[in-house]
Amino acid sequence: MRKALILIVSLVLLTSFASASSLTLSMDNATGGSGATVEIPINLEDATDVGSLDIRISYDSAVLQAIGVDTGELGKNAYIESNTASDGEVVIALADASGINGNGPVAVVTFEVVGDTGSSSSLKLEDISVHDIERVEVITTIVDGNFSVSDETKGVGSGYHKDVDLQGFPL
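We now turn to the structure provided with this report. (Residues numbered from 1 in each chain as written. Predicted model: local features only at pLDDT ≥ 70, side-chain atom pairs only at ≥ 80, totals over all residues. Heavy atoms only, no water.)

### Quick look at the pattern of salt bridges
Considering all chains together, one arrives at five salt bridges under this definition. Note that K76 is salt-bridged to E73, the shortest N-O span being 3.0 Å. The salt bridge involving K124 is made with D144; its shortest N-O contact spans 3.5 Å. Residue K124 is located in strand 7 (residues 120-132), and its partner D144 is located in the loop between strand 8 (139-143) and strand 9 (145-150); the two are separated by 20 residues in the primary sequence. Through salt bridges that share partners, R56, E89, E126 and D127 make up one connected network. (Salt bridge = Lys/Arg side-chain N within 4 Å of Asp/Glu carboxyl O. Helix = DSSP H or I, 4+ residues; strand = E, 2+ residues; numbered from the N terminus.)

Okay, structure coming up:
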């Protein structure tokens, strides 16, 4: 009995030390005019050997409509799957066997702005699961974002921008 108790305590301590790494997962605040297409990054801060991320983003579908998800600079070598089919929700799974390290955008969500000027939507990060390359859960601080519909004319809103010309075409 005593050996079993020592083994259990040892495993708990080992697990505590193994999951001691931490990072911050956040979405930027952004604005854009009605009819615009905006790209809003999902950022990692202090990432060390992140092997996988599972993310669900909820938003107001009367303000935004998700139309796609791409990898960001930090996730450029990762395998990514996403689902934007449900109104008001984006689901993302991202994996990188070599590990993601550093600070910056790991993924970028593209939205069409469908709301009227003055409306807004929270960009809520939910059901987050982050693991390192050893499959140990990483302690994660979550920072939600917000989107506001501005009186800008149709076009690219503020947020994350790839290199595009004035008409929005890639350079």
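### A closer look at unusual backbone geometry
The phi torsion at D127 lies on the positive side, around 50°, for a residue other than glycine. Within the fold, D127 resides in strand 7. For R135, which is not glycine, the phi dihedral falls at a positive 70°.

### Regarding the pairing of strand 1 (residues 22-27)
Buried residues dominate strand 1, accounting for five of its six residues. Alignment of strand 1 against strand 8, held across five bridges, turns out to be parallel. When the bridges of strand 8 are listed, S26 appears paired with V143. Where strand 1 and strand 3 (residues 37-58) come together, four bridges link them in antiparallel fashion. When the bridges of strand 3 are listed, T24 appears paired with E45. (Buried < 20%, exposed > 50% of the residue type's maximum accessible area, 1.4 Å probe, protein only. Pairing = 2+ DSSP bridges.)

### Description of the packing of aromatic side chains
Two aromatic rings, taken as a pair, are described by how far apart their centres are and by the angle between their planes. For the coordinates displayed, the defined rule picks out one aromatic pair. Considering the side-chain rings of Y59 and F111, the 5.2 Å spacing of their centres and the 80° angle between planes classify their relative orientation as edge-to-face. Pair noted here: Y59 is in the loop between strand 3 and strand 4 (64-71) and F111 is in strand 6 (residues 89-113), with a separation of 52 residues, a long-range link. Residue Y59 shares its accessibility class with F111, and that shared class is buried. (Phe/Tyr/Trp six-rings, centres within 6.5 Å; stacked < 30°, edge-to-face > 60°.)

### Here's the deal with the environment of D49
By secondary structure assignment, the location of D49 is in strand 3. Considering only alpha carbons, one finds D49 and V138, 89 residues apart in sequence, at a separation of 9.9 Å. Apart from the residues lying within four places of it in its own chain, the contact partners of D49 are S98, G99, I100, N101, D132 and I133. (Contact = heavy atoms within 4.5 Å.)

### Here we look at the pairing of strand 7
When a strand is regular, its side chains alternate between the sheet's two faces. Of the pairings in the sheet, the one linking strand 3 to strand 7 comprises seven bridges and is antiparallel in character. By the bridge assignment, L53 is partnered in strand 7 with V130. Sheet analysis places strand 7 next to strand 9, joined by four bridges and oriented antiparallel. When the bridges of strand 9 are listed, S120 appears paired with S148.

### Looking at the environment of L123
Examined against the element boundaries, L123 turns out to sit in strand 7. With 24 residues separating them in the primary sequence, L123 and F147 have C-alpha atoms 7.0 Å apart. If sequence neighbours within four positions are ignored, L123 has contacts with M27, D28, I40, I57, S58, Y59, L64, F111, D144, G145, N146 and F147.

### Some details on the nonpolar core
Residues I42, L44, L53, I57, V106, F111 and F147 are the most contacted members of the largest nonpolar core, which totals 36 residues. Elements represented by at least two residues in this core include exactly strand 1, strand 3, strand 4, strand 6, strand 7 and strand 9. Those residues in contact with V106, other than ones at most four positions away along the chain, are I42, N43, L44, L53, T71, G72, L74, G75, L94 and I100. (Core = buried A, V, L, I, M, F, W, Y, C linked by side-chain atoms within 4.5 Å.)

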